[in-house]
Structures are given as C-alpha cells and as structure tokens.
Amino acid sequence: MKVRYSYLPQQFADPDPILEEIRSVVMKGDFTLGARVEEFEEKFADLIGTRYAVGVNSGTDALMLSLKALGVGHGDEVITAANTFIATVGAINALGARPVFVDVTPYYTMDVSQVASAITPRTKAVVPVHYTGEPVDMRPLIDVCEQHDLPIVEDACQSILAEYEGKRAGTFGEAAGFSLHPLKNLNVWGDSGMIVTDSVDHARMLRLIRNHGMKSRDEIEILGYNSRLDTVQAVVGNALVDQVPDITASRIENASVYDAAFSSLEGIQLPPRRENVRQVYHLYVVYAQNRDELHTHLLENGVSAKIHYPIPLFLQEGLSHLGYKPGDFPETERQAGSIITLPVDQHLEPAQLHRVIEVVEAFYAR
Ligand SMILES: *Cc1c(COP(=O)(O)O)cnc(C)c1O
C-alpha cells in the first residue's frame, strides 16, 4: 500500500463545474480582477472573520505587500522565527529589509519570550509564523509589540482556520498573509495568496499596491507592483472555500489517530499538544530517534514522509550574508536533526494511516 503525501488529483476529481465557470471567464475575456475576485475576497474574509480580504498572486506577496503597506523598506529590520519556510524571509528581503530571527519553542513556533531582546531602533515590524498549522503565543507577543509600538503581520500561510484562545489565526495582527499554493490546505490551480485585515486604510492601500498603485486607469497614487490574484484562480477558490472547514476537520482527525498511536511509542516524541489552540496540521511533525534511518525506511515502504527542513534557514548558504553561525538558535538547530513530517492529507483513509503507524512501529521494533 502506498501512502502519498498529497492527493491533488482527488481534490479536483470532478473539475467540470470549475472548468465550466472558467469557460465563461474565457468567453467574456474577464481575466483581471472583476466580480469573481471580489466574490472570493468576500468569502475569504467571512471564513477568517475579518472585515477585508485582498487577493494577491502568492502567499509571499501577501506578506511582502502587507509589510510594504506598513512602510517597511530599505534598512529596516523585521523580526521573525528562525524556523519557517524560506518565503517568509524572501518577503522581508524583497523590500530591502533585514530578517532578524528568534529561536522557536518545542512546538515549532516563535519563542515570543525572545522577541524583546531582538528589538533594535531599526525594528519596524514582527512577523510571527503560525508554522505547521500551530498558532504562535499571540497574547504575550501582542503585549511586547504594543510596548514597543511595533505592528504585527501574521504569516498564516500554513494555518487557515487555526485558533489561539478561540480566535482565528490571521485576526491578531495589522494584517495576515495566506497562501493558496497547491500544497496548502486551501489550494488553487497555481499560485495565489490572500491578505486579511480589519483596517479600511490598510485594505485600501493593499488594493492600490497590488495593482501598480493605480487609483484609476489614469492616476498613479503611489508606486506599487503587479500582484493581482488571477481571476481564473478566484474561480477555483470560490469552488473550494466552503470545503475548508471539512478539510481542516479531516486533517485534525488524521493527526489524532497518529497521536494516539505515537504517544506510547518509544522512538517517537510528540511536540507538546497545547490546550488553548486549534492546530490545523498543514504539517504533522514529530521528533524521531534515528530520524534519517526512519525516513529511509518509510520511503522504502511506500510512505512519502518528508523533512521540513533538514538545514535551518540561518545556516543556508543563501542567507550567509546575515552573519548567523551554528549555535545561534539551538532549539531550531536541534529540531532540524530530529523532526520528521508524516502524510496527513485529508484524503487519507484509515487503512493508510494505520499503514504509516505500522511501518513506524516496525522500524522501532527492529
Ligand atoms: C507557503 C508559505 C509561504 C509562501 O506562500 P507562496 O504562496 O508559496 O508564496 C510563506 N510562508 C509560509 C510559512 C509558507 O508555508
């Protein structure tokens, strides 16, 4: 039995209604922005519970434009977690700003107790990453950011419908970025992203800068970018957005099956499972003894396990100019050597989950 990491063909097993709708977009030549993008923005804002959503062309741009709209630019510093996908850092870097890392907790998200000591006179914003689907400790983070008058832009790319103390990820900061990349929990047929905010001024600014800063066809209010959400992708998003609660529930259910089996298995250690959050399992990540051997064993037995990620960002060649060195973020570094990601896709059947458990158990029984 093979257990794949994702099941995109199943996700779009019946593409005809979407293709029909795209046909009408094509017949009308309605390719940029327009009613379908607005409809998707409204549905997305309703889903998260914010006043506004602004569609852009990727999760990376969602973060980059949100920071830009807050005035982040050349020479500024932006604090984020040492353990994230490279796009968080890329978004900060694209504005000429400098990413400043803080180490992470055993549940993989920013250790907010370390933020205060990372603040300097150049700090302009903080980007907490709700990584793996696990929300950051927002209450203490908001406290420290309020004390220093720093805006928060949440990287919620992996955490649609996650909650912290009963409140949705994406509703804590000045703005939040979501990704609709094919591997994310809400996925379209290519790249797209969404920014949510409650601020009317921020939403207006974001609508300007995603579309060249054009106030109208003839008037440029500020310099912006071409970062519109494709109308074709909005059609896909509209077809899928109502399924996000079910997708989320299935992934949480799958994770609970794994948790029940692994909590008593020597060799696997679960991260702390916190009472005050809803973790939505974009990634199901655990600590494993002999991680690399287990990874090989899983792959050899048809289970598409992955490692997110074996080399921490701060030790990557492409980030060497930031001047970080081994030992700077010990928890992130320790995790990189022992984490493993097991398939948790919403399409997995109970038999497949049990196959994964069986293969892991067999490895440690040797
Ligand atoms: C996917 C992701 C992004 C970027 O999203 P794209 O749509 O691929 O640009 C940013 N941050 C995190 C944590 C992500 O997982």
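Residues numbered from 1 in each chain as written. Predicted model: local features only at pLDDT ≥ 70, side-chain atom pairs only at ≥ 80, totals over all residues. Heavy atoms only, no water.

*Asks:* Please give an account of the site of the ligand that cites residues and values.
*Replies:* Close contacts around the ligand come from 13 residues, with G59, T60, D155, S179 and K184 the closest. Residue D155 places a side-chain N or O atom 2.7 Å away from a nitrogen atom belonging to the ligand. Taking Q158, its side chain carries an N or O atom lying 2.8 Å from an oxygen atom of the ligand. Burial of the ligand by the surrounding chains reaches 93%, relative to a free accessible area of 380 Å². Counting only elements with at least two residues in the shell around the ligand, the list comes to α4 (59-69) and α5 (86-94). Of the residues belonging to the shell around the ligand, the class tally is four nonpolar, seven polar and two charged. (Near = heavy atom within 4 Å. Polar contact = N/O pair within 3.5 Å; in protein donor to acceptor, adjacent residues only side chain to side chain. Areas by Shrake-Rupley, 256 points an atom, 1.4 Å probe, with all protein chains shown as cover. Helix = DSSP H or I, 4+ residues; strand = E, 2+ residues; numbered from the N terminus. Nonpolar A, V, L, I, M, F, W, Y, C, P; charged D, E, K, R; others polar.)

*Asks:* A description of the sheet that holds strand β11 (residues 277-278) should follow, citing residues and the corresponding values.
*Replies:* Taken in spatial order, the three strands line up as β7-β6-β11 in an open sheet, and their pairing is antiparallel. The open sheet terminates on both sides in strands that have one partner only, identified here as β7 (167-168) and β11. (Pairing = 2+ DSSP bridges.)

*Asks:* Describe a nonpolar patch on the surface, with residues and values.
*Replies:* On the surface, a cluster of nonpolar side chains totalling about 330 Å² of accessible area is made up of V26, M27 and F31. With respect to the helices, strands and loops of the structure, F31 is situated in the loop between α2 (16-28) and α3 (35-48). Judged by its relative accessible area of 46%, F31 is partly exposed. (Patch = residues over 30% accessible without salt bridge, like charges linked within 9 Å, V, L, I, M, F, W, Y side chains within 5 Å. Salt bridge = Lys/Arg side-chain N within 4 Å of Asp/Glu carboxyl O. Buried < 20%, exposed > 50% of the residue type's maximum accessible area, 1.4 Å probe, protein only.)

*Asks:* Talk me through the pairing of strand β2 (residues 77-81); I want residue IDs and the actual numbers.
*Replies:* Taken across its five residues, β2 has five buried, putting it largely inside the fold. Bridging between β2 and strand β3 (residues 98-102) involves five bridges; their strand directions are parallel. In the sheet register, A81 faces β3, and the bridge partner there is V102. Between β2 and its parallel partner β3, the chain crosses via α5, and the hand of that crossover is right-handed. As defined by bridge partners, β2 adjoins strand β4 (residues 123-127) across four bridges and the pair is classed as parallel. Residue pairing across strands places V78 opposite A125, the latter belonging to β4. (Right-handed = clockwise from strand over helix to strand, strands pointing away.)

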